[in-house]
Amino acid sequence: MSELLRNLSSYVHAQAERDVHVVLARNDLDEMPMILAAAEPRQAEADLEGRCIDAVRVGDAQPGKLAYFMDGMQRPRGPIYFGSQLPVMYGYVAATIRVRGEDKRMRKHDFIRRESLYFPYDFPGAPMKLADAGFDIVDTGERGKSPEEHPLMLVERAKNKIGVVRSDLESRITSTWLSDFNGRDDWLLVDGSLSGDYHRYDSPNIVGLIKSHQTQYFLWEDQQKILSLKTGERSGVFIPKGRNRPDVYSWYLRLRPNDGRDVYFGLVRVEAAKCERTLEMADEISRWLLAERSPLSMPDARWDRLIYPIHDCELYMKSVAPSHTSLDSLMISLAN
């Protein structure tokens, strides 16, 4: 159940004059921004620091020290119109870290969530009275730049902002883990690129696993070497460029054979802190990831790259998130 929408419904119905209508434009892809991003491939640069991208055999799968796993989710709804044509979006975001015990069972280690309403403060008709009433509001405007005077663009801006807030939550929960577990043996695997303040530590025990490949870092000659990787092979280690964050080391790894399948089938990109230890451990970390191929994350369509502990994070977050049915019901109640 959404506490924010429930309170918003009570607030709206307590007003002497109500002029609220909603649009139930549910799109499951909104919860999976990486899939949306995959529709927009782009070219970026990389620094090999003198190494080559050629394939390296990493050895057989080897159970490692990956014990904690982090992922996040978002569930947008709307738009809602409060007496004007300005669209207001609702966004539920969450992040969790799950821990795998010695009995192999997954359990909750940490979980944070946030519900907010998203719209540009500096826009005619902005319902700032909602902020005065105590609702969590996120400004979708950009400092020094006027918002687009186009409802559809404002909705897209709000959805993008929901993704930013989700990333902030993931970074926060990761930073807390790094602080609490600095110097210990356990490692944290995060879904996607590294987040949090990993750059503040000399050799943080954190690995990022990127399943999508919308950003290509190499020209065609080297791309072919990456796409030709066989199961159990990794590429050379490189530094991805083009993102506003501290440098990381990265490499590609083929988890499963792609014979007769798409070139990206079973291919993941790994990220770890930019330190000498990562260069020394690239093969070992890769063997840890090969050991995560079982059990399968079926029936998820991404099973070839989605390791089961991250699939478990997704299942947990969906189990505690406001359901689609309850969100739709509360949204409808705003206008009735």
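Note: the structure precedes this text.
For clarity, every value in this text was computed on a predicted model and none was experimentally measured. (Residues numbered from 1 in each chain as written. Predicted model: local features only at pLDDT ≥ 70, side-chain atom pairs only at ≥ 80, totals over all residues. Heavy atoms only, no water.)

Q: Tell me about helix H6 (residues 276–291), and please be specific about residues and values.
A: In a regular helix each residue adds 1.5 Å, so 16 residues correspond to 22 Å; H6 covers 24 Å between its end C-alpha atoms and thus fits that length. Along H6, the largest kink reaches about 60° and is centred on Ala282. Thr278, Met281, Ala282, Ile285, Ser286, Trp288, Leu289 and Leu290 are the residues of H6 that are buried. Those residues of H6 that are buried lie in contact with strand S5 (66–82), strand S9 (187–191), strand S10 (206–210), strand S12 (233–234), strand S14 (248–254) and strand S15 (267–273). (Helix = DSSP H or I, 4+ residues; strand = E, 2+ residues; numbered from the N terminus. Expected span 1.5 Å × (residues − 1). Bend = angle between axes of the 7 residues up to and from the residue. Buried < 20%, exposed > 50% of the residue type's maximum accessible area, 1.4 Å probe, protein only. Contact = heavy atoms within 4.5 Å.)

Q: Could you give an account of the pattern of salt bridges, with specific residues and numbers?
A: Inspection of the entire model under this criterion finds 23 salt bridges. Between Glu156 and Lys159 there is a salt bridge, and its shortest N-O distance comes to 3.8 Å. You can see Glu156 and its partner Lys159 sitting in helix H4 (residues 151–181), 3 residues apart, about one turn around the helix. Since its relative accessible area comes to 42%, Glu156 is described here as partly exposed. Here Arg245 makes a salt bridge to Glu271, at a shortest N to O gap of 2.8 Å. (Salt bridge = Lys/Arg side-chain N within 4 Å of Asp/Glu carboxyl O.)

Q: Describe the pairing of S14, and please don't skip the residues or the numbers.
A: Counting buried positions along S14 gives 7 out of 7 residues, so the element sits mostly inside the fold. Residues Val248, Ser250, Tyr252 and Arg254 point to one face of S14 and Tyr249, Trp251 and Leu253 to the other, with burial holding for every one of them. Examined bridge by bridge, S14 and S15 share 7 bridges and lie antiparallel to one another. What sits directly across from Tyr252, in S15, is Arg269. (Pairing = 2+ DSSP bridges.)

Q: With reference to specific residues and values, describe the environment of Leu253.
A: Mapped onto the elements of the fold, Leu253 is located in strand S14. C-alpha of Leu253 to C-alpha of Pro127: the two residues are 126 residues apart in sequence and 49 Å apart in space. Those residues within four positions of Leu253 in sequence are excluded, and the remaining contacts are Leu229, Glu233, Arg234, Gly266, Leu267, Val268, Val270, Ser286 and Leu289.

Q: Hey, could you go over the packing of aromatic side chains for me, with residue numbers and the actual values?
A: Scanning all chains against the criterion turns up 11 aromatic pairs. Here the aromatic rings of Tyr11 and Phe135 are separated by 5.6 Å at their centres, their planes lie at 75°, and the arrangement is edge-to-face. A residue pair is termed long-range when its members are at least 10 positions apart, and Tyr11 in helix H1 (residues 3–13) and Phe135 in the loop between helix H3 (129–132) and strand S8 (137–139) qualify at 124 residues. Its relative accessible area of 12% is what places Phe135 among the buried residues. Taken together through their ring pairs, the aromatic side chains of Tyr217, Phe218, Phe238 and Tyr252 make up a single cluster. (Phe/Tyr/Trp six-rings, centres within 6.5 Å; stacked < 30°, edge-to-face > 60°.)

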